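Take a look at the letters that make up each chain.
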Amino acid sequence: MENLLRIGILLAIALPLSGCSDGWCWPFDCTASKSSTGVLDDTTPPATTPPPATTTPPATTTPPDDGSSSTDFVPPDLVLSEVTWLHTDVSKWKVTSKLKVTISSGGSVCFQHADASKWPSVSITHTSGTHKIQVNRNPWVFAYKNGKWYGATFEWMRPTGRCKPGKTVSGDHVKRDPLKNWDPKKGETLYFMVSALARFGAHVNVKERTDLVKVVWPEDFD
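What you see is a predicted model; the values in this text were computed from it and never measured.

Chemist: Give a description of the environment of Asn 146 that names residues and reports values.
Modeler: The residue Asn 146 is located in the loop between strand E7 (137-145) and strand E8 (148-153) in this model. In this structure, the C-alpha to C-alpha distance between Asn 146 and Pro 178, residues 32 residues apart in sequence, is 9.1 Å.

Chemist: Tell me about the environment of Val 122, and name the residues and values.
Modeler: Secondary-structure assignment places Val 122 in strand E5 (residues 122-125). Separated by 10 residues in the primary sequence, Val 122 and Lys 132 have C-alpha atoms spaced 9.8 Å apart. Dropping the residues within four chain positions of it, Val 122 is found in contact with Ile 133, Gln 134, Val 135, Leu 197, His 203 and Asn 205.

Chemist: Can you lay out the pattern of salt bridges for me, pointing to particular residues and giving the numbers?
Modeler: Summed over the entire model, instances satisfying the criterion amount to 2 salt bridges. Salt-bridge contacts for Lys 98 lead to Asp 211; the nearest nitrogen and oxygen are separated by 3.2 Å. On the criterion of sequence distance, the pair formed by Lys 98 in the loop between strand E2 (94-97) and strand E3 (100-103) and Asp 211 in the loop between strand E11 (208-210) and strand E12 (213-216) is long-range, its members being 113 residues apart.

Chemist: If you had to explain unusual backbone geometry to someone new, which residues and values would you point to?
Modeler: Geometrically, the link from Asp 177 to Pro 178 is a cis peptide bond, its omega value of 5° lying close to zero. Relative to the elements of secondary structure, Pro 178 occurs in the loop between helix H2 (171-174) and strand E10 (189-196). In this model, Asn 146 sits at a positive phi of 55°, which is unusual for a non-glycine residue. Given a relative accessible area of 47%, Asn 146 falls into the partly exposed group. Phi at Lys 175 takes a positive value of approximately 65°, unusual for a residue other than glycine. Residue position: Lys 175 is located in the loop between H2 and E10.

Chemist: Tell me about the packing of aromatic side chains, and name the residues and values.
Modeler: Inspection of every chain in the model, using the stated rule, returns 11 aromatic pairs. Centre to centre, the rings of Trp 149 and Tyr 191 are 5.2 Å apart; their planes meet at 80°, and the pair counts as edge-to-face. Within this pair, whereas Trp 149 is found in strand E8, its partner Tyr 191 is found in strand E10, the two being separated by 42 residues in sequence. Taking the relative accessible area as the measure of exposure, Tyr 191 reaches 9% and is therefore buried. Their ring planes at 45° and their centres at 5.8 Å tell us that Trp 156 and Phe 200 sit as a pair that is tilted. Linking Trp 156 in the loop between E8 and strand E9 (163-165) with Phe 200 in the loop between E10 and E11, this pair joins segments that are 44 residues apart in sequence. Joined through ring pairs, the aromatic side chains of Phe 73, Tyr 144, Trp 149 and Tyr 191 make up one cluster.

Chemist: For the pairing of E12, give the residues involved together with the corresponding values.
Modeler: A regular strand carries its side chains on alternate faces of the sheet. Across the two faces of E12 the burial differs, with Val 213 and Val 215 buried and Lys 214 and Val 216 not buried at all. Summarising the sheet, E10 and E12 pair through 4 bridges and their orientation is antiparallel. Looking at the pairing, Phe 192 lines up with Val 213 of E12.

Chemist: Describe the state of the cysteines, with residues and values.
Modeler: By the definition in use, this model includes 1 disulfide. In this model, Cys 110 is linked to Cys 163 through a disulfide, with the two sulfur atoms separated by 1.9 Å. Its S-S torsion of about 105° marks the bond between Cys 110 and Cys 163 as right-handed, since a negative value means left-handed. Residue Cys 110 is located in strand E4 (residues 108-112), and its partner Cys 163 is located in strand E9; the two are separated by 53 residues in the primary sequence.

Chemist: Residue-level account of the nonpolar core, with values.
Modeler: In terms of nonpolar packing, the biggest core is built from 38 residues, with Trp 85, Val 101, Phe 111, Phe 142, Val 169, Leu 179 and Phe 192 touching the most fellow members. Going through the elements one at a time, E4, E7, E8, E10 and E12 are the ones with two or more residues in this core. The greatest single-element share of this core, amounting to 6 residues, is contributed by E10. With residues near it in sequence (within four places) discarded, Phe 142 still touches Leu 78, Leu 80, Val 83, Trp 85, Trp 149, Tyr 150, Gly 151, Leu 190, Tyr 191, Met 193 and Leu 212. The next biggest cluster of nonpolar side chains, apart from the first, holds 5 residues, and it includes Ile 124, Ile 133, Trp 156 and Leu 197.

What counts, and where the lines are drawn
Residues numbered from 1 in each chain as written. Predicted model: local features only at pLDDT ≥ 70, side-chain atom pairs only at ≥ 80, totals over all residues. Heavy atoms only, no water. Helix = DSSP H or I, 4+ residues; strand = E, 2+ residues; numbered from the N terminus. Contact = heavy atoms within 4.5 Å. Salt bridge = Lys/Arg side-chain N within 4 Å of Asp/Glu carboxyl O. Buried < 20%, exposed > 50% of the residue type's maximum accessible area, 1.4 Å probe, protein only. Phe/Tyr/Trp six-rings, centres within 6.5 Å; stacked < 30°, edge-to-face > 60°. Pairing = 2+ DSSP bridges. Disulfide = S-S within 2.5 Å. Core = buried A, V, L, I, M, F, W, Y, C linked by side-chain atoms within 4.5 Å.

Listed below in structure tokens is the structure:
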């Protein structure tokens, strides 16, 4: 009896010190999940899967329906080897001078280069059919249409000539499809060049040309 009393006293002292409130679990682990006094830790929210990232595709600019350049479409840089030539292919002709192109507010397009009066001239019949004229050069325009660069001459130039009316830069002077009905638009990207005679193969005087000049067409000329 005395021994039972001692055991009871020892239990009364040991249980509070063990952290157990249930006498049946001592001297085992009172923190086990099966303990009647265990508490679920719900302070950490359940993991969630973030929604898939979305990206906005970059804006693309498409050429107008007719394939021409405009202020809304900048064509790729011109590469002579990829040009569709509507007159003589002069891509392999020697570049002998640099070209300067000036478009005046009065509607003239002027071409200045060192070989203007050096290239030999040829006599051809004027469009009126009434007389002959001496010419030695052709100005070129390159326009982007239907996904391609087209190169064409649009006038004849005399040895002393420098300028042409802006309205001559047009399809009715090119006279070849698909530029036959083409007119440059304000803001359109064009390239210009001057070569020795190349409008018709029979009139070639010397196989030389200028470099290319990129121009943004300033306005519509009547």
